[in-house]
Amino acid sequence: MLEIRNLHASIGDTEILKGINLSIGDGEIHAVMGPNGSGKSTLASVLAGKEDYRVTEGEILYQGNNLLDLDAETRAREGLFLAFQYPVEIPGVGNSYFLKAALNAIRKHRGETELDAFDFLQLVKEKMKLVQMDESLLKRAVNEGFSGGEKKRNEIFHMAVLEPRMAILDETDSGLDIDALRIVSDGVNALRSPERSFLVITHYQRLLDHIVPDFVHVLKDGRIVRSGGRELALELEAEGYEDLHDRDGLRVAAGA
Amino acid sequence: MNALTQNAEAFPGSALEMLRLHGEESFQSLGLPSKKQESWRFTPLNRLGDLDAPLPQTGSPRLEGLLIPEAHRLVFSNGRLNERLSNIEALPSGCRISSILEIAQDPEAEEIIGDLLPPQTGAFQALNSARFDHGALIVLEAGTRLEGPIHLIHHCDTEEAALYPRNLIMLKARAEATIIEHFVSTGPMIRMPLAELHLGAGADLHFLRLQDEADKARHLGFVAIALERDSKAEFLSLALGADLFRLELETTLRSRGAEASLSGLHLGRGAAHGEHLVRVEHQAPDCSSHQLFRSILSDSSRGVFTGRIVVAPGAQGTDANQSSKSLLLSDRAVAFNNPQLEIDADDVRCTHGSTVGELDEEALFYLRARGIGKEEARALLMLAFAGEVLQSIGVEDLKTRLEERLIRRFHGATAR
Ligand SMILES: Nc1ncnc2c1ncn2[C@@H]1O[C@H](COP(=O)(O)OP(=O)(O)OP(=O)(O)O)[C@@H](O)[C@H]1O
Ligand SMILES: [Mg+2]
């Protein structure tokens, strides 16, 4: 699905990603953990096509094609989805209007017919149930005045409607209460399929009790310093990242 | 449609005649304004062109896409009333619409024409007073509620023309109406419209002023609104075209409980200059005024908003607010927002805010990362920016048409 090879990325003159290697197969769930500022969101942004970051070295293959050649919207239309760590408030743009425009852009790209208002509403109602999102959020402006948890739920709701092939969730669990965490996880699990892969960025092992990953990677200072199975998350929870670095002091090229 | 006959010559010594003379004299003594005058500081008057261009040929207006089916309509084509295209047959009793040139038939209107914007207030007000030769007189008797909007269309399809339309609108006590005034042109003509709007006690007026002139046209407008006790005016100015646009909007809250909501949206492109100059005067206690002005400027266009709130001594309990925002789509575009407050009462709630910014890059990325193309995402954000102003358009069908129109235009507005 996704193959990241020796990825270096900078903002201005500062190198933030310093040689990332990561390979995600079809249907796999990979978790990425790591201390604040280690570059997790940067990795997510580079994957989603944010132009502020300059890729200075390396390549990314997505479904066999060079991802870096595509602009952000084309990546999304090809099935890449990023649930933002900080979803953006967009006053004046209706959540529902926006989502319909997004869905139809994606459908058009796939050569499918655009959904009319009625069919869209049917689809949306069904997906809202999945994440138990309040219908009123659909009528409001995108994320405007949403609580932290509502914003995260809205991201998962978008994901459920857009049905991506490769979903990147950047700390979607942060700021969720226990019930919301379960609902969001159930939403993700409901979307799990052999054709759909996930990259889940999180600080908490707790999320990984609900969304069980196939692999866990530790990102530190722009590099993946350790990879393993789900038990690695438990180890991190117990010992923290400092110990990990002290003990290993090595770089592990991750990969399935 | 006899009432519309516009050839009725004004009698010598009539109110119209007096206004004309007074206008001519004032224009002679005032002379053209100069940049040295504070309120003309930003306006490129050198673009004004020939103020004396003769009345053009009769036009053949193309009104497809402009008409509002349920509206009472007056159409002015190249400065003349076109009776064939007008339609005011379904007016209820208590509502009169006629050519402004028929004003002699309405002594009450004749009495007050020129009261709100007398010729000595400025050179162009004087010029309009001296030269106006078309426009609408609209009178709603007390308690008259008009179903369906009144649509005044000013169409011009010649290259060279200097047009001086004038409206006098009187809503007597508790009368209610929606009026849309629509300026459309195809060439570099100059138009200098003036309108006086009187709202009696408890009257309610929605007024949409749609400036949709050709990109080369010049448009200098003057509107005055006077509000009596508990009356309500909602005024919206949409400025979509013209190389030189300026609207002076003078609102006076004369008696307790009056409320004025004034909003404007100006879209600038090319090297166009657009300007909203608003003055709101609170003369009485417990009145409220709201100003909401937006401009979206691309290329090397310029937008100016000057909003002055005057609270007279004794106007206690005033609630006045003002918000002006500009969106710059190019680093050559320029916006000036000038809030001005003059407050002589102490129990006053007065707020104002003004910002100039660019499209929110984070929002743009968020939209694109969901699959929406860059162009469309930009257009969406621009429409959202304009949205607050458009919301107040009550005629749904017209609102939808305008939104679609703006979206198409925003798609073409490229970033630099
Ligand atoms: N636009 C930017 N300008 C300057 N520095 C940036 C920018 N974006 C990211 N950085 C820096 O890059 C580093 C990595 O940031 P990133 O957001 O990727 O961290 P993270 O691993 O997601 O952290 P967290 O766990 O706190 O979300 C940080 O030091 C951050 O300050
Ligand atoms: Mg982060």
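Because the structure is a prediction, the values reported are computed rather than measured. Think of each chain on its own: its residues are numbered from 1, step by step along the sequence as written. Working convention: letters from A go to chains and numbers from 1 go to ligands, in the order in which they are written. Reporting in this predicted model follows two pLDDT cut-offs: at least 70 for local features of residues, and 80 or more for side-chain atom pairs to be given and counted; totals over whole chains, interfaces and linings ignore these cut-offs and use all residues. Side-chain numbers here rest on the full set of heavy atoms in the structure, without hydrogens or water.

1. Considerations on the coordination of the magnesium ion (ligand 2)
Residues and elements named next belong to chain A.
- Protein coordination at the magnesium ion (ligand 2) comes from Ser41 (OG) and Gln85 (OE1), with a distance range of 2.0 to 2.1 Å. A residue pair is termed long-range when its members are at least 10 positions apart, and Ser41 in helix H1 (residues 40-48) and Gln85 in the loop between strand E6 (80-83) and strand E7 (90-94) qualify at 44 residues.
- Judged by relative accessible area, Ser41 falls into the partly exposed class, the value being 25%.
- Throughout, exposure labels follow a simple rule: accessible area from a 1.4 Å probe, protein chains only, divided by the maximum for the residue type, with under 20% read as buried, over 50% as exposed, and the rest as partly exposed. When its relative accessible area of 16% is taken as the criterion, Gln85 is described as buried. The donor definition counts N, O and S atoms within 2.8 Å of each metal and applies 3.2 Å to Na, K and Ca; water is not among these atoms, so some sites may look incomplete. The way it works is that DSSP assigns letters per residue, a run of H or I at least four long becomes a helix, a run of E at least two long becomes a strand, and they are numbered from the N terminus.

2. A look at the side chain of Arg191 of chain B
Residues and elements named next belong to chain B.
- Within the element layout of this structure, Arg191 appears in strand E9 (residues 190-191).
- Counted as a polar contact is a pair of N or O atoms within 3.5 Å, where, for protein atoms, one must be capable of donating a hydrogen and the other of accepting one, and residues adjacent in sequence contribute only when both atoms are in side chains. Engagement of the side chain of Arg191 in a polar contact is seen with the side chain of Glu213, the distance being 2.8 Å.
- Excluding its chain neighbours within four sequence positions, the residues that come into contact with Arg191 are His154, His155, Cys156, Leu163, Pro165, Phe183, Val184, Ser185, Glu213, Arg218, His219 and Leu220. Contacts are residue-level and defined by heavy atoms, with any inter-residue pair within 4.5 Å sufficient.

3. Describing helix H5 (residues 374-390) of chain B
Residues and elements named next belong to chain B.
- For a helix, the expected span equals 1.5 Å multiplied by the number of residues minus one. Counted at 1.5 Å a residue, the expected span for H5 with its 17 residues is 24 Å, and the 23 Å between its end C-alpha atoms agrees.
- With 12 of its 17 residues buried, H5 lies for the most part within the structure.
- All of the buried residues in H5 are Ala377, Arg378, Ala379, Leu380, Leu381, Met382, Leu383, Ala384, Phe385, Ala386, Val389 and Leu390.

4. Overview of the packing of aromatic side chains
All names here are of chain B.
- Within 6.5 Å between ring centres, the rings of Phe, Tyr and Trp (the latter by its six-membered ring) count as paired, and their orientation is classed by plane angle as stacked under 30 degrees, edge-to-face over 60, tilted in between. Overall, the coordinates contain seven aromatic pairs over all chains when judged by the stated rule.
- Taking the centre distance of 5.4 Å and the plane angle of 65° together, the rings of Trp40 and Phe124 count as edge-to-face. Highlighted residues: Trp40 in the loop between helix H1 (15-30) and strand E1 (72-77) and Phe124 in helix H3 (residues 123-131), separated in sequence by 84 residues. Across this residue pair, the class does not change: Trp40 and Phe124 are buried.

5. A closer look at the packing of H1 of chain B against H3 of chain B
Residues and elements named next belong to chain B.
- The angle between two axes is taken between their N-to-C directions and runs from 0 to 180 degrees, where each axis is a line fitted to C-alpha atoms and a helix contributes only its stretch in contact. Between H1 and H3, the shortest axis-to-axis distance is 7 Å and the interhelical angle comes to 145°. When you trace H1 past H3, the crossing you get is left-handed. Along its contact with H1, which presents Leu19, Arg20, Gly23, Glu24, Ser26, Phe27 and Leu30, the element H3 presents Ala123, Ala126, Leu127, Ser129 and Ala130. Each crossing gets its handedness from the near helix: less than a right angle anticlockwise from the far helix is left-handed, clockwise is right-handed.

6. Things to note about the interface of chain A and chain B
- Facing 31 residues of chain A, the contacting portion of chain B comprises 17 residues.
- Buried surface at the junction of chain A and chain B, both sides included, amounts to about 2000 Å², of which 65% is carbon and sulfur.
- Here a salt bridge means any side-chain nitrogen of Lys or Arg lying within 4 Å of a carboxyl oxygen belonging to Asp or Glu. Summed over the shared surface of chain A and chain B, the number is four salt bridges.
- In this structure, Glu155 of chain A engages Arg370 of chain B in a salt bridge whose closest nitrogen and oxygen atoms are separated by 2.6 Å.
- Inspection of the chain A/chain B interface yields 10 residue pairs in polar contact (both at pLDDT 80 or more).
- Of all the secondary structure elements, the ones that give two or more residues to the side of chain A that touches chain B are H1, helix H2 (72-77), E6, E7, helix H3 (95-109) and helix H6 (148-162) of chain A.
- Broken down by element, the side of chain A that touches chain B gets its largest block of residues, six residues, from H3 of chain A.
- Of the residues contributing to the side of chain A that touches chain B, the split by class is 20 nonpolar, five polar and six charged. A quick way to say it: buried area is the sum, across both parts, of accessible area lost when two parts are put together, with a 1.4 Å probe. Residues are grouped as follows: nonpolar covers Ala, Val, Leu, Ile, Met, Phe, Trp, Tyr, Cys and Pro; charged covers Asp, Glu, Lys and Arg; every other residue, Gly included, is treated as polar.

7. Focus: the sheet that holds strand E5 (residues 65-66) of chain A
Residue and element names in this part refer to chain A.
- The four strands lie next to each other as E2-E1-E4-E5, forming an open sheet whose pairing is antiparallel. What marks the edges here is a single partner per strand, and that holds for strand E2 (14-24) and E5.
- Of the strands in this sheet, strand E1 (2-11), E2 and strand E4 (54-62) touch H1, which is tilted by about 110° from E1. Paired strands, as defined in this entry, are two strands with at least two bridges between them according to DSSP.

8. Section: the pattern of salt bridges
All names here are of chain A.
- In the structure shown here, the tally under the stated rule is 41 salt bridges over all chains.
- Between Lys151 and Glu89 there is a salt bridge, and its shortest N-O distance comes to 3.0 Å. Here Glu89 lies in the loop between E6 and E7 and Lys151 lies in helix H6, a separation of 62 residues in the sequence.
- Taking the relative accessible area as the measure of exposure, Lys151 reaches 15% and is therefore buried.

9. Examining the domain arrangement of chain B
All names here are of chain B.
- Looking at the assigned domains, one finds that chain B contains domain 1 (2-255) and domain 2 (359-416).
- Those domain boundaries reflect an automatic or database domain assignment. A separation of 31 Å is found between the C-alpha centroids of domain 1 and domain 2.
- Of the residues lining the interface, 17 residues belong to domain 1; the matching set on domain 2 comes to 12 residues.
- Across the domain 1/domain 2 interface, buried area totals approximately 1100 Å², and carbon plus sulfur atoms make up 64% of it.
- Of all residues in domain 1, Leu236, Leu238 and Leu240 bury the most surface against domain 2, accounting for 42% of the area lost on that side.
- Inspection of the domain 1/domain 2 interface yields one salt bridge.
- Among the ionic pairs, Asp212 bridges to Arg405, the shortest N-O distance being 2.8 Å.
- Our count for the domain 1 to domain 2 interface comes out at four residue pairs in polar contact (both at pLDDT 80 or more).
- Of all the secondary-structure elements, those providing two or more residues to the side of domain 1 that touches domain 2 are strand E8 (176-185), strand E11 (204-212) and strand E13 (232-239).
- For the side of domain 1 that touches domain 2, the element with the highest residue contribution is E11, accounting for four residues.

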